[in-house]
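Structural overview for review
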Amino acid sequence: MRKTMICTLVLCGAVSAGAQNIVKTKAYAWHGDTISQGPFMATATADDEIVSTYAAQPGYRMGINKQWKRKNDLSAYPRLTTPNRLHTAIYNMGLDEMVNAVEPDTTLRTGKEWAGVWTRDVSYSILLSMAYLQPEASRISLQKKVDKLGRIIQDTGSGGAWPVSTDREIWCVAAYEVYKVTGDKNWLKFIYPVIKRSLETDAKTVYDEATGLSKGETSFIDWREQSHPKWMQCADIFNTETLSTSIVHARAWQVLAAIAGEMGDKKTQAEATKRHDIIAEAVNSHLWMADKGYYAMYQYGRDNLILNPRAETLGESLAIMWGIADADRAKTITESNPTTPFGAAIFYPQIDDMPAYHNNALWPWVASWWALANAKAGNEEGVMQAIGSVFRPAALFCTNKENFNLDNGDIATQLNSSNMLWCLSGNLALTHKILFGIEFEADGLAFHPFVPKALAGTRTLTNFKYRDAVLDITVSGRGNVIKSFKVNGKEQQPRILAKKAKGKMTVEIVMADNDIPALKVHNVNNAKAPLTPITWLDGTTLCWNPIEYIGHYVVLRNGKRIAETRCTTFDASAPGEYQVIGVSGNGMEGFASEPRSTRTSFVVEMPGEGTSATSGEMKNKPAGGIHGFSGAGFVEAGKKAVLSIPVSVADEGSYALSFRYANGNGPVNTRNRCTVRTLLIDGQKAGTVVLPQRGEGNWDDWGYSNSVRLSLAKGNHTVTLEFRPEDENMNINTNHALIDCLRLTKTDETK
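**What to know about the overall build of the chain**
If you tally the helices and strands in the chain, you get 14 helices and 46 strands. Taken along the three principal axes of its C-alpha coordinates, the chain extends 80 × 60 × 50 Å. Looking at the 751 residues of the chain, the share that counts as buried comes to 62%. In the chain, of all internal contacts separated by at least 6 residues, the share reaching a separation of at least 24 is 72%. With the model as given, the accessible surface of the chain reaches about 27600 Å², and the carbon-plus-sulfur share is 50%. With 80 positive and 79 negative side-chain charges, the chain shows a spacing of 4 Å between the two charge centroids.

**What about the confidence of the model for the chain?**
The predicted coordinates of low-pLDDT regions are not to be read in fine detail. On average, residues of the chain score 94 in pLDDT, and 95% of them reach the 70 mark or higher. With pLDDT under 50 throughout, residues 1–18 is counted as low confidence; its partners more than four residues away or in other chains account for 14 contacts.

**Overview of the sheet that holds strand β27 (residues 502–511)**
Hydrogen bonding along the main chain pairs the strands of a sheet, whether they run parallel or antiparallel. Strands sit in the order β7-β22-β23-β27-β24-β25 across an open sheet of six strands; the sheet is mixed. In the strand order of this sheet, the two ends are held by β7 (79–81) and β25 (490–491), each with one partner. In terms of strand pairing, strand β24 (residues 482–487) meets β25 through two bridges, oriented antiparallel. Pairing of Lys 486 across the sheet is with Glu 491, part of β25.

**With respect to the side chain of Glu 169**
Turning to its location among the elements, Glu 169 is positioned in the loop between α4 (135–143) and α5 (170–182). A relative accessible area of 0% places Glu 169 in the buried class. When sequence neighbours within four positions are dropped, the list of residues in contact with Glu 169 reads Ile 152, Ser 198, Leu 199, Asp 202, Val 248, His 249 and Ala 252.

**Thoughts on the packing of helix α2 (residues 85–101) against helix α13 (residues 380–397)**
Two packed helices can be described by the angle between their axes and the distance between those axes. Between α2 and α13, whose axes approach to 10 Å, the crossing angle comes to 75 degrees. On the basis of the axis angle, α2 is roughly perpendicular to α13. Contacts between α2 and α13 pair Leu 86, His 87, Ile 90 and Met 93 from the former with Phe 391, Ala 394 and Ala 395 from the latter. Residues of the contact of α2 with α13, tallied by class, amount to six nonpolar, one polar and no charged.

**A word on the sheet that holds strand β6 (residues 67–69)**
What the six strands build is an open sheet, ordered β1-β2-β3-β4-β5-β6; its pairing is antiparallel. Strands at the two margins of the open sheet, each flanked by one partner only, are β1 (21–24) and β6. Between one strand and the next, the sheet's axes are offset by a mean angle of 15 degrees, whatever the strand orientation. Of the strand pairs in this sheet, β1 and strand β2 (residues 29–31) are connected by three bridges, and their pairing is antiparallel. Bridging across to β2, Val 23 finds its partner in Trp 30. In the packing of α2 onto the sheet, contacts are made with β2, β3 (34–37), β4 (40–46), β5 (49–52) and β6, and the angle to β4 comes to roughly 85 degrees. Along the sheet, α13 contacts β1, β2, β3, β4 and β5; its crossing angle with β3, the most-contacted strand, is approximately 85 degrees.

**Remarks on unusual backbone geometry**
Omega for the bond connecting Trp 162 with Pro 163 falls within 30 degrees of zero, at 5 degrees, which places this linkage in the cis form. The omega angle of the peptide bond from Tyr 348 to Pro 349 is 0 degrees, so this bond is cis rather than trans. With respect to the secondary-structure elements, Pro 349 resides in the loop between β16 (347–348) and β17 (350–351). At Asn 463, a position not held by glycine, the phi torsion is positive, near 65 degrees. Following the sequence through the fold, Asn 463 ends up in strand β22 (residues 457–466). Not every positive phi belongs to a glycine, and Ile 732 is a case in point at roughly 75 degrees. For Ile 732, the position within the fold is in the loop between β45 (715–722) and β46 (737–746). The exposure class of Ile 732 is buried, given its relative accessible area of 12%.

**Description of helix α6 (residues 185–205)**
Over its 21 residues, α6 runs 31 Å from end to end, which matches the ideal 30 Å to within 8%, given 1.5 Å per residue. The largest bend in α6 is about 25 degrees, located at Ile 191, with the proline Pro 193 one to four residues further on. Listed as buried for α6 are Trp 187, Leu 188, Ile 191, Tyr 192, Val 194, Ile 195, Ser 198, Leu 199, Thr 201, Asp 202, Ala 203 and Thr 205. Between the side-chain oxygen at the start of α6 and the backbone nitrogen of Asn 186 there is a gap of 2.9 Å, and the oxygen is on Asp 184.

**Regarding the environment of Ser 214**
In this structure, Ser 214 sits in the loop between α6 and α7 (234–239). Note on Ser 214: relative accessible area 0%, which makes it buried. Counting along the chain gives 83 residues from Ser 214 to Met 297, while the straight-line C-alpha distance between them is 13 Å. In this structure Ser 214 touches Thr 166, Val 206, Tyr 207, Thr 240, Glu 241, Thr 242, Thr 245, Ser 246 and His 249, once residues within four positions along its chain are discounted.

Analysis parameters
Residues numbered from 1 in each chain as written. Predicted model: local features only at pLDDT ≥ 70, side-chain atom pairs only at ≥ 80, totals over all residues. Heavy atoms only, no water. Helix = DSSP H or I, 4+ residues; strand = E, 2+ residues; numbered from the N terminus. Buried < 20%, exposed > 50% of the residue type's maximum accessible area, 1.4 Å probe, protein only. Contact = heavy atoms within 4.5 Å. Areas by Shrake-Rupley, 256 points an atom, 1.4 Å probe, with all protein chains shown as cover. Lys, Arg positive; Asp, Glu negative; His and termini not counted. Charge placed at Lys NZ, Arg CZ, Asp CG, Glu CD. pLDDT = per-residue confidence, 0-100. Pairing = 2+ DSSP bridges. Axes fitted to C-alpha atoms, helices over the stretch in contact; angles between N-to-C directions. Parallel < 35°, antiparallel > 145°, perpendicular 65-115°, else oblique. Nonpolar A, V, L, I, M, F, W, Y, C, P; charged D, E, K, R; others polar. Expected span 1.5 Å × (residues − 1). Bend = angle between axes of the 7 residues up to and from the residue. Polar contact = N/O pair within 3.5 Å; in protein donor to acceptor, adjacent residues only side chain to side chain.

Listed below in structure tokens is the structure:
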């Protein structure tokens, strides 16, 4: 108790009476060298110490730090001198925790509670700042995420991960960033075939030819129920077409094109450029919501995809950073993406009946991308609020934590690691890439500082290493226009060619003190969307449970809105796939309900099916046999098995095809044994069928694969499932499932 009182007195004494607010929201304020939130405050008592009085939610299992004090030697890294001691201390804390994150094998540890190297975590961290602060550890970490077939590894996750999760291509962008930093041609030669091979595999497996978008769950948001309606299974999640993952794929193709150009491979360069352009156009055509001023989080459904109109901050940020959004659209996004008092959410609005983790949370590394995007778009207030949303928790919790509850800014979420790699990487990027404006290019170092008026002053970064040079960089003034740029005392353009980066170099940047054209921030209170209706069919009547405090319901048929009602029933006699969305009184929409179909469909049993499973690929075979299948039994889909199924179609038209299957090779939330097969109709490839894990040893748990949309002529057809090289999952050894039957549903408007 005595120690707490002393800390409080020290902190209060550290705040000067005339300290001006640097950032202030409804939730917290950054003033002088202190951040305060209600009765709590954190102050930098020195450049290498922060002391906090914050008290976390009582009883929360993951405690907090009351103090950070530097423990590592930071002399090898860029030293920051700023007018604000809190900024300096938070920056130094980022470096200090970065040193903690370098493992004895020279890999980058994901976080205090997260051992090992994770593809997406390390890649986003490398892109933010590890490429230039830890180039060797970055290189070694990326090498560890290449499998024996020379492909990028998708981490374990939903339904056996790839291709339910498909954001592994962020590795491509990170690997190229390491090249831009180092100029190592041997590294370029190593990554080129890995990138090319991985992208070409995904091109055959995860792209929707109709829309041009990438399938798979939202990048990094891989706790299924945290970002999807509860009715969606992993096969449904594979079928989603997401903003952030599609943009990652577009950028990866752009990287491949750049490397191919350097390698003299003009054919690959042209093909990769075309792929990038197709995805970029698809994002703008299918996901942009003009009425909201930002992109939709994803398209989802079964036979008919609809928009999830939530804003998703990482995807919005990457669209700006990587040129998917043009300059006007970029400004609109920064003015429209909802920003809560604690910062921009992972996505908005929140899911009401789900605890905080990806849902109802802010992640500082995502907030750092949001800050970078606002700087590129020229939104000064957006930059300040984004920086504040990173500095607030770093100071109050005296570490770079994983995530924060948006209701109160606390750390009481499902899981919350300290010393989180991508969060500390984002912390450091705010200084280097915004206030000093450092950008790595293939043949040089460019500068475009963005200094908001609230942070006007002189800052120096000494011992910044770039190739064969050591730079001492000073930025003075404010604004986003450079008035003077000098290297070793000589005026030049704000760029240093790699071939001229030698020895000790002094860079002096004087800003023009220009007023940045004002843009607004869409400040909102944190909000929860209505619950998802639970629907069922009573004959041809669609029914659903009432939701409390609802404004009205929207009824959809085949993905189109056909009615609004306050009732809980609807006439579904017209054949179609029906869903219901709950809408609050203020117009906020929840998820659409699970699709219910009144359309014509028929089931085809597998030829030669039996009830015994004897394949060596099968894991955890139940002692009492397998139950729950329809008809006479099931067939095994091992790698060597080619399943050819005769199907007779009575009417020409559009159909949705799926398979009833079981995959007990692993749990729903981890492992890497998702089963993947190529679908052929009459010998021609028609799509990819994904049979995700449904539970460890749960061979009695049957569900449906993703839905593949087809056009079929009247008459007899052969439906074939076969294993092709591009279907190799991350496990390689186990790619196996049981197939019960095939379901074919006519999706035309007519019966």
